[in-house]
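The residues making up each chain are set out below.
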Amino acid sequence: MPKAQETVLEIDLKALKHNFEYLKSKTQKDTKILAVVKAFAYGSHADIIANYLQGLDVDYFAVAYVSEGVALRNAGIVTPILVLHPQAINFKMLIERCLEPSLYNAKILNEFITVASEEGQTNYPIHIKFNTGLNRLGFEKNDVDDIISKLKGTNSVITKSIFSHLAASEDLSEKEFTSHQIQNFENITKEFSKKIGYQPLFHICNTSGILNYPEAHLDIVRTGIGLYGFGNSEKENKNLKPIAKLKSVISQIHRVEKGQSVGYNRAYKSNAFVKTATIPIGHADGIGRQYGNGKGYVIINDKPAYIIGNVCMDMIMVDITTIDCNEGDEVIVFGNHPHSASEFSKTTQTISYEILTAISQRVKRVLLR
Ligand SMILES: *Cc1c(COP(=O)(O)O)cnc(C)c1O
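About the cut-offs
- Residues numbered from 1 in each chain as written.
- Predicted model: local features only at pLDDT ≥ 70, side-chain atom pairs only at ≥ 80, totals over all residues.
- Heavy atoms only, no water.
- UniProt positions renumbered as here; feature names shortened; annotations may be inferred.
- Domains from an automatic or database assignment.
- Contact = heavy atoms within 4.5 Å.
- Buried area = accessible area lost by both parts, 1.4 Å probe.
- Salt bridge = Lys/Arg side-chain N within 4 Å of Asp/Glu carboxyl O.
- Polar contact = N/O pair within 3.5 Å; in protein donor to acceptor, adjacent residues only side chain to side chain.
- Pairing = 2+ DSSP bridges.
- Helix = DSSP H or I, 4+ residues; strand = E, 2+ residues; numbered from the N terminus.
- Axes fitted to C-alpha atoms, helices over the stretch in contact; angles between N-to-C directions.
- Core = buried A, V, L, I, M, F, W, Y, C linked by side-chain atoms within 4.5 Å.
- Buried < 20%, exposed > 50% of the residue type's maximum accessible area, 1.4 Å probe, protein only.

The name given to the protein in an unreviewed UniProt entry is Alanine racemase, with the source organism recorded as Psychroserpens ponticola. We quote the UniProt Catalytic activity (unreviewed entry) comment for the protein here in full: "L-alanine = D-alanine".

Structure representation (structure tokens):
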């Protein structure tokens, strides 16, 4: 790959293939794989990622919102797509584009059945979401009877799967809580299948569920962050490869004498000579202001260069006093472990998920071939 000459997010499909195969090797043999490609495939490029995974015969996709599913259909995705968090206002569009809704309470189940029957649908696939402890979205266990009677009163929809979501699958000190969630879910699946009279698919595991709870893989696992190269632990990060590398370039070098300041609000004041490099990436590109003032750093010629002063909209200034570098040199904001998005995000007490999905659409995506 030639050195970056502007700010780019490099996307490496070989790394994606590696991660997919690793996760598949960790998944029970008969379990299907659903790839979560919400939020532009975790900030990378949903069309490219989904098309590539479709070529690897992934079984399912999931997105958060209907508009994301529509974009995938427009990009040529024919694999089933689960919409994790749809709103009723988009149900006609969802049906038009053969997207499959997750339905999580009585209101939205009723609204979907109404639209599906108005649209003349029979056996339209739906997915029923249960809350087993995350307390975010989902029916409760004692809603099963109401759901079943509602479903038995219509032939517009059919339950393709029932699922739940783990609250702390990456946190091994919460094993007891997670095992409880899994047990609760299994009780729900048994009762539901018996009462509905057929067996939908069951799923509860995200990436860390795949890695830490093999006994709970059930019919489908839903992997997001793992595909993008992060295992939520140092041990698992070693087995995965970040697919996206954020790179930039030094636009200008300044020599700042003692007593001068750098950047807006004069947030940095030098008490000795410093050399700074100005980089064309700022909070409008996804590097939030919390990374400023000595928190975040980039890598220049293999050395860390800390952000000094406030992050601007389109620029950061970094301290290169002890780094041998020139205008035009490449800058790595994040790349492979141990300089990945995970380490970068830790400098501001956040997580890889947040920094990856924050990289704005202004940053050019470049495909590594
Ligand atoms: C985002 C999401 C996932 C993917 O989680 P990862 O930790 O990225 O693997 C799975 N299931 C649901 C319901 C989600 O919202």
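Structure's up, so let's keep going.
A. Layout of the domain arrangement of the protein. Here the protein is partitioned into domain 1 (31–228) and domain 2 (244–368). Placing the centre of domain 1 and that of domain 2 at their C-alpha centroids yields a distance of 38 Å. Between domain 1 and domain 2, the residue contacts involve eight residues of the former and seven residues of the latter. In total, domain 1 and domain 2 occlude about 750 Å² of area from one another, counting both sides; carbon and sulfur atoms represent 69% of this. For the domain 1 face of the interface with domain 2, the top three residues by lost area are Y42, G43 and I225, together amounting to 51%. Summed over the shared surface of domain 1 and domain 2, the result is zero salt bridges. Applying the counting criterion to the domain 1 and domain 2 interface returns two residue pairs in polar contact (both at pLDDT 80 or more).

B. Seen up close, the sheet that holds strand β5 (residues 100–103). Taken together, eight strands build a closed barrel; the order of strands is β2-β3-β4-β5-β6-β7-β8-β9 and the barrel is parallel. Averaged over all pairs of adjacent strands, the angle between their axes in this sheet comes to 30°, without regard to strand direction. As defined by bridge partners, strand β8 (residues 201–205) adjoins strand β9 (residues 220–223) across two bridges and the pair is classed as parallel. Bridge pairing in β9 places C205 opposite V221.

C. How the structure looks around the nonpolar core. Formed by 107 residues in total, the largest nonpolar core has its most connected members in I49, L53, F112, F192, I300, V318 and F334. Taken domain by domain, the makeup of this core includes at least three residues from each of domain 1 (31–228) and domain 2 (244–368). Ignoring anything within four residues of it in the chain, the contact list for V318 reads K275, T276, A277, I279, V298, I300, A305, Y306, I307 and I308. Counting seven residues, the second-largest nonpolar core is a separate cluster that includes V256, V262, V274 and M317.

D. Spotlight on the pairing of strand β2 (residues 32–36). Counting buried residues along β2, four of its five residues qualify, which places the element largely inside the surrounding structure. Examined bridge by bridge, β2 and β9 share four bridges and lie parallel to one another. Considered in β9, the bridge of L34 is made with R222. Two strands pair when backbone bridges link them, and β2 and strand β3 (residues 60–63) are joined in this way by three bridges, in the parallel orientation.

E. Expanded view of the environment of A41. Relative to the elements of secondary structure, A41 occurs in helix α2 (residues 38–43). You can call A41 buried: its relative accessible area is 0%. Taking the C-alpha atoms as reference points, A41 and L227, 186 residues apart in sequence, are found 9.4 Å from one another. Setting aside residues no more than four positions away along its own chain, A41 makes contact with A46, I49 and Y228.

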